[in-house]
Each structure stands twice: as C-alpha cells, then as structure tokens.
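Chain by chain, the residues run as shown.
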Amino acid sequence: MHRAWFVAAVTFVTIIGAAAFRSLPGLLIDPLHQEFGWSRGTIGAAVSLNLALYGLTAPFAAALMDRFGIRRVVAVALVVIAAGSGLTVWMTAAWQLWLCWGLLVGLGSGSMALAFAATVTNRWFTERRGLVSGILTAASASGQLIFLPVLSWIVEHHSWRPAAVTVALAALAVVPFVWLLLRDHPADIGVQPYGAREFVPKPPPVTGAARRTLTVLSTSVRTGTFWLLAGTFAICGASTNGLIQTHFVPAEHDHGMPVTTAASLLAVIGVFDVVGTIASGWFTDRFEPRRLLAVYYALRGLSLLFLPMLLGPAVHPPMLFFIVFYGLDWVATVPPTLALCREQFGEDSAIVFGWVLASHQIGAAVVAYLGGVARDVFGSYDLVWYTSGALCAAAALMSLVIRRAVAARPVTAS
C-alpha cells in the first residue's frame with residue numbers, strides 16, 4: 001500500500017477527533033438558555049462567530065501549512081480548540097461564551113477546516129483526488145456520528161459542562177497522532193505522490209503566508225467563477241452547519257421530541273453523510289462537477305421545503321426518509337467544489353478553496369444567528385426552512401453557470 005493512503009488514514013482519524021466541537025453547539029442552546037437566561041439570538045451569535053472564524057481562518061491556515069508544515073499547524077490548532085472548549089466550564093457571562101467558544105474554538109477549528117484535507121490531498125495524491133477528498137470530508141461526519149449521541153447523553157444526564165470537557169479531551173487525544181504519524185510531504189519519506197510518474201521534490205517553505213493568502217484572494221476575486229463558487233458554497237453552509245446542525249435539535253425539541261432522540265437523528269444524518277460524500281468523490285472523478293453540484297443543491301432545497309411538515313414528537317417513516325435523503329446530500333458538494341477549484345486555480349487551489357470555505361462559514365454564521373432570532377420573534381423555525389430551500393434552488397442554477405477555464409498560474413509572495 002502506498003504511504004499516501006496511510007497519511008490519509010491519519011488525517012481521517014485527526015478530523016474525527018476534532019469533529020467533537022462541531023457536534024456540541026446545537027446541544028448547548030437550550031441548556032444555556034435555561035441556566036443563564038440568554039436569548040437564543042445571543043447564543044446563536046456566539047455560534048455565528050465560531051462559524052465565521054472557522055471559515056475566515058481556513059485560507060490563512062492553508063498558507064501557514066505551506067510555511068510551517070501541516071503537522072505543526074494542526075497540532076497547535078487542536079490545543080487551541082481544547083483550551084477554548086475547556087474554559088467554557090467557568091463562564092458566567094455571554095461575552096465569555098463569545099470569547100471561548102466563538103473566538104478560540106473558531107480560530108482553532110478554522111485551522112482544522114477542509115483546507116487541511118485539501119492540502120493533504122493536493123500534496124500526496126495526483127490520482128483519485130476526488131475519492132480521497134470525499135473520504136476526508138466524510139471524516140467530519142463520522143466524528144459527528146461518534147460524538148453526537150455521547151454528548152447528547154452527557155448533556156441530558158450530567159449537564160453541558162462535562163460535555164464541553166469531553167470535547168476538550170477529544171481534541172487533545174489526537175495531538176500525539178498528528179505529531180508522531182503525520183508527514184508534511186511525500187519527499188519527507190522519499191516517495192512520490194500516489195499516481196505520480198516521477199519523484200516530486202519538496203518545495204521550500206513559502207514565506208509571507210498572510211501576504212500570499214491575500215494576494216491569491218485579490219487575484220481570484222477578479223474571476224466570475226470564484227464568486228459563483230463562493231456564492232453556492234455560502235448557501236451550502238447556510239443550509240447545513242448554520243441551519244440543520246445548529247437548529248435541528250432545538251426545533252425538534254419545540255415539537256416535543258426528547259433532545260437525545262433529536263440528536264440521534266442528527267447523528268444518523270452523519271452515517272449517510274459518510275456514504276454520500278465518498279460516493280460524491282467517486283462521481284467527481286467520473287462526471288462533470290458542475291452538473292453534480294446542480295443536482296445536489298436542487299435535491300437539498302426540495303427536502304428542506306418538506307421538513308416543517310415532518311417535525312413532531314416521535315420518529316416516523318417520512319422523517320426517517322428525510323434523514324437518509326438529507327444525509328446523503330449533506331457535504332456531497334465538497335468534492336466537486338474542490339475539483340472546480342483545482343481546475344480553475346491550479347497550485348493555489350487549496351488557498352482559494354480556503355476562501356470559498358470562508359464564504360461557506362459566513363453563510364452558516366448568518367443563518368445560525370438569524371435562525372435563533374427568527375425563533376425568538378416568530379416562535380418557530382418555519383420561515384427559516386422555507387427560505388433555505390429557496391436559496392438552495394438558486395445555488396443549483398448558479399452551479400450550471402460556472403464555465404470551464406484554463407487553470408490559473410500560482411501566486412507567489414515576493
């Protein structure tokens with residue numbers, strides 16, 4: 001077996017361990033509201049800050065990995081996540097939630113974002129990139145599958161503080177795997193990337209990481225393709241992390257469903273997300289990524305329009321059908337979006353994808369906040385479901401407009 005697959009496996013395990021932080025926000029809304037009296041909009045603002053920083057940090061993290069190496073950046077990010085989550089157990093004011101969960105966990109998680117998976121894929125593979133990106137994207141869903149039922153049980157029986165400590169310990173547990181087993185480049189161990197016909201020397205560290213990140217942005221924003229990718233991915237984030245991951249559990253709880261049951265349904269989404277994302281990677285290696293994106297967004301929007309009619313106190317077959325259907329589509333958009341970034345932006349694709357991911361998280365942040373505000377104002381989430389469904393239809397049309405283009409030359413810092 002080529003060593004690239006071993007590196008991909010270590011990356012997969014690392015992302016699973018770090019996925020605990022993504023499982024907790026939806027479980028915190030009701031407990032924090034009951035204990036501190038904070039409005040759902042206030043709590044949603046902290047989650048919104050977390051999601052926004054998750055995205056805005058990603059392109060800089062990709063450049064830092066080119067400067068200092070994957071291993072160092074990811075190890076530090078995991079420690080920051082653990083610190084932010086652990087410190088929340090002593091908070092007594094809303095600004096402390098914004099500082100710990102919003103700022104620290106947001107910055108740390110941004111360095112563990114999909115740009116990490118994109119960097120590993122670009123460095124270690126020249127073939128099967130779609131499949132590998134699908135597998136690594138699915139790692140986050142696998143982590144959700146593992147941690148959501150556990151964390152919901154802890155919140156239900158032992159309050160939210162032990163759950164926050166669990167997230168901190170999970171992040172720390174994978175640091176040794178990263179430091180001891182992960183390697184930055186195939187040349188470090190004297191092999192060529194998987195599928196390469198010849199040895200690829202390790203490039204020298206790229207200085208001026210922040211400058212290079214901003215230079216890549218200034219170049220890519222001059223293309224219509226960047227804005228289409230950023231726009232569709234913003235809607236992707238709004239309809240997944242911002243909407244379902246943050247508000248599905250409290251929405252079901254509003255209809256009388258126990259929190260543990262609702263969290264288990266969200267975990268089942270993670271099961272089928274793994275299947276759907278890996279399958280999407282396989283499809284991306286074989287079919288036109290623009291058409292795949294259009295199909296994915298259209299089906300997601302259709303499912304969201306039906307969701308308000310399916311919410312209730314008990315699990316029934318139509319809801320199970322939604323869970324399976326939505327799970328298959330959850331982050332199936334990532335492999336074709338990555339493929340389009342590579343096609344359009346060449347060696348700068350990991351950084352460009354980091355900026356596209358930033359738009360994903362900004363979309364998620366906006367809906368995480370506005371969803372809580374809508375619940376406070378209207379007493380339900382119905383308006384949010386319908387609006388997100390309409391946005392997904394727009395994303396499907398935008399995907400079809402993306403044109404083929406010659407890959408751009410890499411941007412280097414002077």
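Keep in mind it's a predicted model, so treat the numbers as computed, not measured. (Residues numbered from 1 in each chain as written. Predicted model: local features only at pLDDT ≥ 70, side-chain atom pairs only at ≥ 80, totals over all residues. Heavy atoms only, no water.)

**Structural notes on the overall build of the protein**
Part 1: The helix and strand inventory of the protein stands at 19 helices and 0 strands.
Part 2: On C-alpha atoms alone, the protein measures out to a radius of gyration of 20 Å, which is about the 22 Å that the 2.2 N^0.38 rule sets for 414 residues.
Part 3: Dimensions of the protein, computed from C-alpha atoms along their principal axes, come out at roughly 60 × 45 × 40 Å.
Part 4: Long-range contacts, defined here as pairs at least 24 residues apart, represent 84% of the contacts in the protein between residues at least 6 apart.
Part 5: If the 25 positive side-chain charges of the protein are averaged to one point and the 19 negative ones to another, these points end up 10 Å apart. (Helix = DSSP H or I, 4+ residues; strand = E, 2+ residues; numbered from the N terminus. Rg over C-alpha atoms; globule rule 2.2 N^0.38 Å. Contact = heavy atoms within 4.5 Å. Lys, Arg positive; Asp, Glu negative; His and termini not counted. Charge placed at Lys NZ, Arg CZ, Asp CG, Glu CD.)

**What about the packing of aromatic side chains?**
Part 1: With the rule as written, the count across this model stands at 12 aromatic pairs.
Part 2: Here the aromatic rings of Trp5 and Tyr194 are separated by 5.3 Å at their centres, their planes lie at 70 degrees, and the arrangement is edge-to-face. Highlighted residues: Trp5 in helix α1 (residues 3–18) and Tyr194 in the loop between α10 (175–181) and α11 (209–220), separated in sequence by 189 residues.
Part 3: The exposure class of Trp5 is partly exposed, given its relative accessible area of 24%.
Part 4: Among the aromatic side chains, those forming a connected cluster through ring pairs are Trp5, Phe125 and Tyr194. (Phe/Tyr/Trp six-rings, centres within 6.5 Å; stacked < 30°, edge-to-face > 60°. Buried < 20%, exposed > 50% of the residue type's maximum accessible area, 1.4 Å probe, protein only.)

**What about the nonpolar core?**
Side chains of a nonpolar character, in soluble globular proteins, are inclined to be buried together.
Part 1: Counting 85 residues, the largest nonpolar core has Leu24, Leu27, Ile244, Phe248, Leu307 and Met319 as its most contacted members.
Part 2: It is helix α18 (residues 349–378) that provides the largest number of residues to this core, a total of 10 residues.
Part 3: Two domains each provide a minimum of three residues to this core, namely domain 1 (3–189) and domain 2 (209–401).
Part 4: If you look at the next biggest cluster of nonpolar residues, it comprises 30 residues, including Val7, Ala8, Ile16 and Ile70. (Core = buried A, V, L, I, M, F, W, Y, C linked by side-chain atoms within 4.5 Å. Domains from an automatic or database assignment.)

**Looking at the side chain of Thr88**
Part 1: By secondary structure assignment, the location of Thr88 is in the loop between α5 (70–87) and α6 (94–111).
Part 2: Separated by 2.6 Å, the side chain of Thr88 and the backbone oxygen of Ser85 make a polar contact.
Part 3: In this structure Thr88 touches Cys100, Trp101, Trp160 and Ala164, once residues within four positions along its chain are discounted. (Polar contact = N/O pair within 3.5 Å; in protein donor to acceptor, adjacent residues only side chain to side chain.)

**With respect to the confidence of the model for the protein**
A low pLDDT score tells you not to read the predicted coordinates there in detail.
Part 1: Taken residue by residue, the protein gives an average pLDDT of 82. The fraction at 70 or more is 93%.
Part 2: This model gives residues 406–414 a pLDDT under 50, and the stretch forms 22 contacts once residues within four places in sequence are excluded. (pLDDT = per-residue confidence, 0-100.)

**Comments concerning the domain arrangement of the protein**
Part 1: Each domain of the protein was delimited in the assignment, giving domain 1 (3–189) and domain 2 (209–401).
Part 2: Listed per partner, the contact involves 50 residues of domain 1 and 52 residues of domain 2.
Part 3: Around 4,100 Å² of area is buried between domain 1 and domain 2 when both sides are counted, 69% of it from carbon and sulfur atoms.
Part 4: Counting the contacts that link domain 1 with domain 2 gives 0 salt bridges.
Part 5: Viewed at the interface, domain 2 and domain 1 are joined by 1 residue pair in polar contact (both at pLDDT 80 or more).
Part 6: A per-element tally of the side of domain 1 that touches domain 2 places helix α4 (residues 40–68) first, with 18 residues. (Buried area = accessible area lost by both parts, 1.4 Å probe. Salt bridge = Lys/Arg side-chain N within 4 Å of Asp/Glu carboxyl O.)

**A look at the layout of surface pockets**
Part 1: If you add up the space inside the second largest pocket, you get close to 180 Å³.
Part 2: Along the walls of the second largest pocket sit Val366, Val367, Leu370, Gly371, Ala374, Phe378, Leu383, Val384, Thr387, Ser388 and Leu391, which together make up its complete lining.
Part 3: Sort the elements by how many residues they give to the lining of the second largest pocket and α18 lands first, with 6 residues.
Part 4: Across the lining of the second largest pocket, the residue classes break down as 8 nonpolar, 3 polar and no charged. (1 Å grid on protein atoms, 1.4 Å probe; cavity = no way out; pocket = protein on both sides within 12 Å on 5 of 7 lines; lining within 4 Å. Points joined across faces, edges and corners; volume = space filled by probe spheres on them. Nonpolar A, V, L, I, M, F, W, Y, C, P; charged D, E, K, R; others polar.)

**Side note on the pattern of salt bridges**
Part 1: Scanning all chains against the criterion turns up 5 salt bridges.
Part 2: Between Arg375 and Asp254 there is a salt bridge, and its shortest N-O distance comes to 2.6 Å. Of this pair, Arg375 sits in helix α18 while Asp254 is found in helix α13 (residues 241–254), placing the two residues 121 residues apart along the sequence.
Part 3: Across the pair Asp329 and Arg300 runs a salt bridge, and its minimum N-O distance is 3.0 Å.

**Let's talk about unusual backbone geometry**
Part 1: Here the phi dihedral of Ser159 falls at roughly 75 degrees; this positive angle occurs in a residue that is not glycine.
Part 2: By the element assignment, Ser159 lies in the loop between α8 (129–158) and α9 (160–173).

**Description of the environment of Pro193**
Part 1: Structurally, the position occupied by Pro193 is in the loop between α10 and α11.
Part 2: Using a relative accessible area of 5% as the deciding quantity, one classes Pro193 as buried.
Part 3: Separated by 202 residues in sequence, Pro193 and Ala395 have C-alpha atoms that sit 34 Å apart.
Part 4: Not counting residues within four places of it along the chain, the set of residues in contact with Pro193 comprises His2, Arg123, Trp124, Phe125, Thr126, Pro186 and Val200.

**Brief notes about the packing of helix α12 (residues 224–239) against helix α19 (residues 382–401)**
Part 1: Orientation of α12 relative to α19, taken along the N-to-C sense of each, is 155 degrees, at an axis distance of 9 Å. Our classification of the angle between α12 and α19 gives roughly antiparallel. In this structure, α12 crosses over α19, and the sense of that crossing is left-handed. Where α12 abuts α19, its residues Leu228, Gly231, Thr232, Ile235 and Ser239 lie against Leu391, Cys392, Ala395, Met398, Ser399 and Val401. (Axes fitted to C-alpha atoms, helices over the stretch in contact; angles between N-to-C directions. Parallel < 35°, antiparallel > 145°, perpendicular 65-115°, else oblique. Left-handed = near helix turned anticlockwise from the far one by under 90°.)

**A word on a nonpolar patch on the surface**
Part 1: The grouping of Phe6, Val13, Phe177, Trp179, Leu180 and Leu181 at the surface amounts to a nonpolar patch, some 550 Å² of accessible area in total.
Part 2: Looking at the nonpolar patch, the elements that each hand over two or more residues are α1 and α10.
Part 3: Here the element with the most residues in the nonpolar patch is α10; it accounts for 4 residues.
Part 4: Within the fold, Trp179 resides in helix α10.
Part 5: The exposure class assigned to Trp179 is partly exposed, which follows from its relative accessible area of 42%. (Patch = residues over 30% accessible without salt bridge, like charges linked within 9 Å, V, L, I, M, F, W, Y side chains within 5 Å. Areas by Shrake-Rupley, 256 points an atom, 1.4 Å probe, with all protein chains shown as cover.)

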